[in-house]
Amino acid sequence: MSARAIPFLSGPGHRLLRTAGAIAVATLGFLLSASGAPAGAAEKAPSRDMVFSIVRTSDSACEPDCPEWIAADGDIRENTEKAFKAILEQVGSRDLPLLINSFGGRVDVAMAMGRLIRERNMTVEVARTDYRRCEPWDAKCKPDFKDGAYYGYANLTFGVCNSACPILLAGGARRIAGPLTRVGVHQIVTTQEKYRNKYRVYQERLGNGSIVTKKELVERQKIGTVRSTELRDSLRSDLENYLTDMNVKPALIELMLSTPPEDIRYLNLEELKNLGVVTDIHEIERLVGAGICRGRTRPQNCLLRD
């Protein structure tokens, strides 16, 4: 799980290096970036950015009127929010549930995406999507439909939502987990990347004859990385406000803090309900099962295709 990225900070000390026609300033600085923390000790997180796709159930029994959903699989990273906005634009006004399978990633991105999910009043469920032909994160894999949709089916048995993923799950207006899915938390890890910067300092004459001094970055060298599990007051406040807005009890944070990042604290069904992490516990068939489009009340995620 990860924290919000902090802008580059320059240290107060520097040394001047004489160069031909200019002065180079070497500055020691720190770039606090958010990188994914380890998943549970018993399992290895996939090293892949979260990929979004529109999926139609591959059970031919429902054709030509079948349920569809948005599948999200992979790590929550810097560009994940942008990719999520792109799939929402592709979906348009359709009301599709979001099925997520993730070992975690960046907390700040998870919160931003959670707010987008709540704005659209979306339903979110923890489930893995398996594809009929190939996985969309494979560059050679092509969609089954002209509009970019794939054939697949939802699998609760190995659905996982760990680390920063429960923060994303909290954004759902309806938040669903099945009896066999796993939702786990652990401490937030902040990664501090230390850099040494070199600048070229030079003087330039303006049109009015005055001379100004300018500085140009010419080299940035990474010199180390420091990891910390200390939860900053500002991040804790952001998390508490976010969870409260999503009707999730901030007590979830204490469970996170009590679990080392090398481990994972899986929440049982009672804890998921009592904390508000989920609103419903049921099987995936109620949301994207092949038979739901034949009922008296036809769900909005059903689509009649020729």
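Coordinates for the structure precede this section.
Just so it is clear, the model here is predicted, and its values are computed rather than measured.

Caption draft 1: Spotlight on the state of the cysteines. Applying the stated rule across the entire model yields four disulfides. Disulfide pairing places Cys62 opposite Cys66 at an S-S distance of 1.9 Å. Disulfide Cys62 to Cys66: torsion about the S-S bond roughly 105°, handedness right-handed. The class of Cys66 is buried, set by a relative accessible area of 0%.

Caption draft 2: Seen up close, the packing of aromatic side chains. Under the criterion given, the structure shown has four aromatic pairs. Note on Tyr131 and Trp137: the rings are 6.0 Å apart at their centroids and 85° apart in plane angle, and the pair reads as edge-to-face. Directly above the aromatic system of Trp137 lies the positively charged group of Arg48, at a separation of 4.0 Å from the ring centroid. Over the ring of Tyr199 we find Lys215, and its NZ or CZ is 4.3 Å from the ring centre.

Caption draft 3: Local environment of the sheet that holds strand β14 (residues 265-266). Ordered by their spatial adjacency, three strands build an open sheet running β9-β11-β14, and the pairing between neighbours is mixed. The outermost strands of the open sheet, each flanked by one partner alone, are β9 (160-162) and β14.

Caption draft 4: Up close: the pairing of strand β10 (residues 174-177). Direction of pairing for strand β6 (residues 123-126) relative to β10: parallel, over a ladder of three bridges. Its bridge partner lying in β10, Thr123 is registered against Arg174.

Caption draft 5: Molecular detail of the pattern of salt bridges. Taken as a whole, this structure holds 21 salt bridges when the rule is applied. Of the charged contacts, one joins Asp49 and Arg77 as a salt bridge, the two residues approaching to 2.7 Å between their closest N and O atoms. Taken as a pair, Asp49 in the loop between β2 (22-33) and β3 (51-57) and Arg77 in the loop between β4 (65-73) and α1 (80-91) lie far apart in primary sequence, 28 residues in all. For the salt bridge of Arg305 with Glu68, the shortest nitrogen-to-oxygen distance reads 2.7 Å. Taken together, the positions of Arg305 in the segment after β16 (302-304) and Glu68 in strand β4 put the pair 237 residues apart, joining distant regions of the chain. Per residue, the accessibility class of Arg305 equals that of Glu68, and both read buried. Among the charged side chains, a salt-bridge network with shared partners connects Arg56, Glu63, Glu68, Arg94, Asp147 and Arg305.

Caption draft 6: Quick look at the packing of helix α2 (residues 107-119) against helix α4 (residues 233-245). Put simply, α2 and α4 touch, their axes get as near as 11 Å, and they point 20° apart. With respect to each other, α2 and α4 are oriented roughly parallel. For the crossing formed where α2 meets α4, the hand is left-handed. Seen from α2, the contacting residues are Val107, Ala110, Met111, Gly114, Arg115 and Arg118; seen from α4, they are Leu235, Asp238, Leu239, Asn241, Tyr242 and Asp245. Classifying every residue of the contact of α2 with α4 by side-chain character gives six nonpolar, two polar and four charged.

Caption draft 7: Layout of the side chain of Arg56. The topology assignment puts Arg56 in strand β3. Among the polar contacts listed, one links the side chain of Arg56 to the backbone oxygen of Leu303, at a separation of 2.9 Å.

Caption draft 8: Expanded view of the nonpolar core. The biggest cluster of nonpolar side chains holds 53 residues, and the ones touching the most others in it are Ile70, Phe84, Leu98, Ile100, Leu239, Leu252 and Val277. A total of seven residues in this core trace back to one element, the largest contributor, which is α2. The next biggest cluster of nonpolar side chains, apart from the first, holds 15 residues, and it includes Cys134, Ala154, Leu156 and Val288.

Caption draft 9: Fine view of the environment of Asp263. Examined against the element boundaries, Asp263 turns out to sit in the loop between α5 (252-257) and β14. For the pair Asp263 and Gly184, spaced 79 residues apart in the sequence, the C-alpha separation amounts to 9.6 Å.

Caption draft 10: Region of interest: unusual backbone geometry. Cis peptide bonds are those with omega within 30 degrees of zero, and the linkage from Glu63 to Pro64 qualifies with 10°. Relative to the assigned elements, Pro64 resides in the loop between β3 and β4. Here the phi dihedral of Asn121 falls at roughly 55°; this positive angle occurs in a residue that is not glycine. Residue position: Asn121 is located in the loop between α2 and β6. Look at Asn121 and you get exposed, because its relative accessible area is 52%. Phi is positive for Ser163, close to 60°, though the residue is something other than glycine. Considering the arrangement of structural elements, one finds Ser163 in the loop between β9 and α3 (165-169). Look at Ser163 and you get buried, because its relative accessible area is 1%.

Thresholds applied
- Residues numbered from 1 in each chain as written.
- Predicted model: local features only at pLDDT ≥ 70, side-chain atom pairs only at ≥ 80, totals over all residues.
- Heavy atoms only, no water.
- Disulfide = S-S within 2.5 Å.
- Buried < 20%, exposed > 50% of the residue type's maximum accessible area, 1.4 Å probe, protein only.
- Phe/Tyr/Trp six-rings, centres within 6.5 Å; stacked < 30°, edge-to-face > 60°.
- Lys NZ or Arg CZ within 6 Å of the ring centre and 35° of its normal.
- Pairing = 2+ DSSP bridges.
- Helix = DSSP H or I, 4+ residues; strand = E, 2+ residues; numbered from the N terminus.
- Salt bridge = Lys/Arg side-chain N within 4 Å of Asp/Glu carboxyl O.
- Axes fitted to C-alpha atoms, helices over the stretch in contact; angles between N-to-C directions.
- Parallel < 35°, antiparallel > 145°, perpendicular 65-115°, else oblique.
- Left-handed = near helix turned anticlockwise from the far one by under 90°.
- Contact = heavy atoms within 4.5 Å.
- Nonpolar A, V, L, I, M, F, W, Y, C, P; charged D, E, K, R; others polar.
- Polar contact = N/O pair within 3.5 Å; in protein donor to acceptor, adjacent residues only side chain to side chain.
- Core = buried A, V, L, I, M, F, W, Y, C linked by side-chain atoms within 4.5 Å.

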